[in-house]
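Listed below, chain by chain, are the residues.
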Amino acid sequence: MSRQPLVAGNWKLHGNKSMVRGLMDSILAAVAESDTTEVAVMPPYPFLAQVQELIAGAGATGVRLGAQNLSIHDEGAYTGEVSAGMLVEFGCQYVLTGHSERRALFGETDQMVADKFVAAQRAGLQPVLCLGETLEQREDGITEAVIGRQLDAVITQSGVAAFADAVVAYEPVWAIGTGKTASPEQAQEVHAFIRRTIADMDAKIAGSLRILYGGSVKPDNAADLFNQEDIDGGLIGGAALKATDFISICKAL
Ligand code: PGA
């Protein structure tokens, strides 16, 4: 496969300075030299500077930094917001857009997600566009319709060419933090659908697009998921907070 695998750890609302130091020391010692798999960590905003320094101090070229959210605005009177340019200044290369928790708990619509995708790319960040259906939607048989709609919102706004500098993450909502992973076949089916949808517009971009799977990825199921043809890595939540688990998931690729 020509696509470089990526494992990204989404720490969500977790961490403190000493935990960050311990977790990063372990990750940096284990994966600093990896030249095949790209590893990214996505801590809460206040820890970006600390992680940036730890990565630089370790000379860890294979370890990247990402953020979990960003503002659609570059600057201005938007209290509490953080811009893409600020994230770049703190060493970020990736930023999540449209994580299902942002969609469900913070009211982010498809249009807002598309605007965040644009704001990220404007500053030179690679958006990691998260897509996923709820359990109800899956049971209603509308998984592809939901994923297609979420994807279309971004394609309509940015054009398919924008996916040359982006990553997609398929995260079924029912699998996030629940311990219920999609089976490798279920995940592969949706990944193939995403790639096909992009390929219908641009086969070259579809062929090089990295599509990550997220939702209860653990050391014991990572290899089976990553073996699927259209799964190019993982977006890891809970297991990203345990150094040994995260490292063994990275090594499963
Ligand atoms: P999980 O979270 O691995 O804890 O299921 C994944 C995510 O929300 O990105």
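Small disclaimer: the values here were computed from a predicted structure and weren't measured.

**Q** Help me understand the overall build of the chain, please; the structure alone is not making it clear to me.
**A** A count of helices and strands for the chain gives 11 helices and eight strands. The C-alpha radius of gyration of the chain comes to 17 Å, within 12% of the 18 Å expected for a compact globule of 253 residues. In terms of overall dimensions, the chain has C-alpha extents of about 45 × 45 × 35 Å along its principal axes. Across the 253 residues of the chain, 53% fall into the buried class. Counted over contacts in the chain with a minimum sequence separation of 6, partners at least 24 positions apart contribute 76%. Total accessible area on the chain stands at roughly 11000 Å², and carbon and sulfur atoms take up 52% of it. Side-chain charges in the chain split into 19 positive and 31 negative, and the spacing between the mean points of these groups amounts to 3 Å.

**Q** Is there a simple way to explain the site of the ligand in this structure?
**A** Near the ligand you find 13 residues, and of these K12, H99, E171, G177 and S216 are the closest. In this structure, an oxygen atom belonging to the ligand sits 2.7 Å away from a side-chain N or O atom of K12. One of the backbone nitrogen or oxygen atoms of G238 is found 2.8 Å away from an oxygen atom of the ligand. Burial of the ligand by the protein amounts to 97% of the accessible area it has alone, namely 280 Å². Class assignment for the residues of the shell around the ligand results in four nonpolar, seven polar and two charged.

**Q** Before we go on, may I ask you to explain the packing of aromatic side chains in this structure?
**A** Taken as a whole, this structure holds two aromatic pairs when the rule is applied. Seen from their ring centres, F117 and F163 are 5.4 Å apart, and the 35 degrees between their planes marks the pair as tilted. Of this pair, F117 sits in helix α5 (residues 110-122) while F163 sits in the loop between α7 (143-158) and β6 (167-170), and the two are 46 residues apart along the sequence. Given a relative accessible area of 0%, F117 falls into the buried group. For F163, a relative accessible area of 1% corresponds to the buried category. Just above the ring of F106 sits the side chain of R102; from NZ or CZ to the centre is 4.1 Å.

**Q** Just to check I follow, could you spell out the packing of α7 against helix α8 (residues 184-199) for this structure?
**A** The relative placement of two packed helices comes down to the angle between their axes together with the axis-to-axis distance. Contact geometry for α7 and α8: axes closest at 11 Å, N-to-C directions at 40 degrees. Compared by their axis directions, α7 and α8 come out oblique. In terms of crossing hand, the pair formed by α7 and α8 is right-handed. Across the interface between the two elements, T143, E144, I147, G148, L151 and I155 of α7 pack against V190, F193, I194, R196, T197 and I198 of α8.

The rules we used
Residues numbered from 1 in each chain as written. Predicted model: local features only at pLDDT ≥ 70, side-chain atom pairs only at ≥ 80, totals over all residues. Heavy atoms only, no water. Helix = DSSP H or I, 4+ residues; strand = E, 2+ residues; numbered from the N terminus. Rg over C-alpha atoms; globule rule 2.2 N^0.38 Å. Buried < 20%, exposed > 50% of the residue type's maximum accessible area, 1.4 Å probe, protein only. Contact = heavy atoms within 4.5 Å. Areas by Shrake-Rupley, 256 points an atom, 1.4 Å probe, with all protein chains shown as cover. Lys, Arg positive; Asp, Glu negative; His and termini not counted. Charge placed at Lys NZ, Arg CZ, Asp CG, Glu CD. Near = heavy atom within 4 Å. Polar contact = N/O pair within 3.5 Å; in protein donor to acceptor, adjacent residues only side chain to side chain. Nonpolar A, V, L, I, M, F, W, Y, C, P; charged D, E, K, R; others polar. Phe/Tyr/Trp six-rings, centres within 6.5 Å; stacked < 30°, edge-to-face > 60°. Lys NZ or Arg CZ within 6 Å of the ring centre and 35° of its normal. Axes fitted to C-alpha atoms, helices over the stretch in contact; angles between N-to-C directions. Parallel < 35°, antiparallel > 145°, perpendicular 65-115°, else oblique. Left-handed = near helix turned anticlockwise from the far one by under 90°.

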